[in-house]
Amino acid sequence: MRIIHSVAEFRAARAELPSLAFVPTMGNLHSGHIALATQAALHSPHVAASIFVNRLQFGPHEDFDRYPRTLAEDAAKLEEAGASLLFAPDEAEMYPQRQTYHVEPAAEHVSILEGEFRDGHFRGVATVVMKLLNIIQPTHALFGKKDYQQLMVLRNMVREFAMPLEVVAGETVRAEDGLALSSRNGYLTESERAEAPRLYATLQQIRDAVRSGATNFPQLESGAVEGLKASGWAPEYIRICRRSDLQPAHPDDPAPRVVLAAARLGATRLIDNLEI
Ligand code: PAF
């Protein structure tokens, strides 16, 4: 696998390839990322990943500085998964001058859920992903369903800007006890790690209740919030939404649904979701 740090060198390598499946990441890779790289190989014999911790998508009090940077270990994992190119720019390469042009996602897609608690987050994500896609020029780009709202925003961005690539979704990979894999799980203390699967269990209870015919969605959501609070969590939201645009789901609307949650456990913020 070639590790490339410069845009010019990546463009030259890309020009040799008829197709390329791309997995953008911020590094500190876990089995969820590796599953995306493996899935990417179903779309092209050439797989590229990127590792770049994108300052633009972190709020001023978020974990940009302490976000784990583990390039050597990540590169070994990607190589084993069959990736042939790794784009790993530093900040000066990605943002040689202050980024003053941004991608502004639709307000109705980013003022809800994560956007209520992470102002400007999706603008930062959309801007860096637009820039990465312009550099990498993949035929396919893979994003995990773990970041369900991010996937929805990026799908819409690619469609509305008529970008010439296919967005492919990867299923969430979970630990045996149900906890969705995330680079931020490493922040959990031992006792928090033991408690953490409750978030997924809560989503499963909501899914089961809806599948069994429960129609009072606000009551299901607030009951779940109270349950998490009683176990020491600080929930930010638990919401049953339409999958397509993440607007609130209505019991009489048969459109496919997903339940999404964000909650803090100690100093760590966890998100998860489950299609219903
Ligand atoms: O999901 C992530 O890891 C990041 O948001 C992404 C898509 C790599 C953009 O920085």
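Residues numbered from 1 in each chain as written. Predicted model: local features only at pLDDT ≥ 70, side-chain atom pairs only at ≥ 80, totals over all residues. Heavy atoms only, no water.

1. Side note on the pattern of salt bridges
Then, in step 1: Enumeration according to the criterion identifies 19 salt bridges in this entry.
Then, in step 2: For Glu-171, the salt bridge identified is with Lys-145, shortest N-O distance 2.8 Å. With Glu-171 in the loop between strand 6 (166-170) and helix 9 (190-195) and Lys-145 in the loop between strand 5 (140-144) and helix 8 (148-160), this residue pair connects regions lying 26 residues apart in the sequence.
Then, in step 3: Residues participating in the shared-partner salt-bridge network are Glu-114, Glu-236, Arg-264 and Arg-269. (Salt bridge = Lys/Arg side-chain N within 4 Å of Asp/Glu carboxyl O. Helix = DSSP H or I, 4+ residues; strand = E, 2+ residues; numbered from the N terminus.)

2. Side note on the side chain of Arg-118
Then, in step 1: Structurally, Arg-118 can be placed in the loop between helix 6 (114-117) and helix 7 (121-136).
Then, in step 2: When its relative accessible area of 10% is taken as the criterion, Arg-118 is described as buried.
Then, in step 3: A polar contact of 2.6 Å, which involves the side chain of Arg-118, links it to the side chain of Glu-62.
Then, in step 4: With sequence-adjacent residues up to four places away left out, Arg-118 is seen in contact with Gln-57, Glu-62, Arg-184 and Arg-269. (Buried < 20%, exposed > 50% of the residue type's maximum accessible area, 1.4 Å probe, protein only. Polar contact = N/O pair within 3.5 Å; in protein donor to acceptor, adjacent residues only side chain to side chain. Contact = heavy atoms within 4.5 Å.)

3. Let's talk about the site of the ligand
Then, in step 1: Around the ligand sit Pro-24, Thr-25, Met-26, Asn-54, Gln-57, Val-128, Val-129, Asp-147 and Gln-150, and those are all the residues in its vicinity.
Then, in step 2: Residue Gln-57 places a side-chain N or O atom 2.7 Å away from an oxygen atom belonging to the ligand.
Then, in step 3: Here Gln-150 contributes a side-chain N or O atom positioned 2.7 Å from an oxygen atom of the ligand.
Then, in step 4: Taken by itself the ligand offers 290 Å² of open surface, and the protein chains cover 88% of this. (Near = heavy atom within 4 Å. Areas by Shrake-Rupley, 256 points an atom, 1.4 Å probe, with all protein chains shown as cover.)

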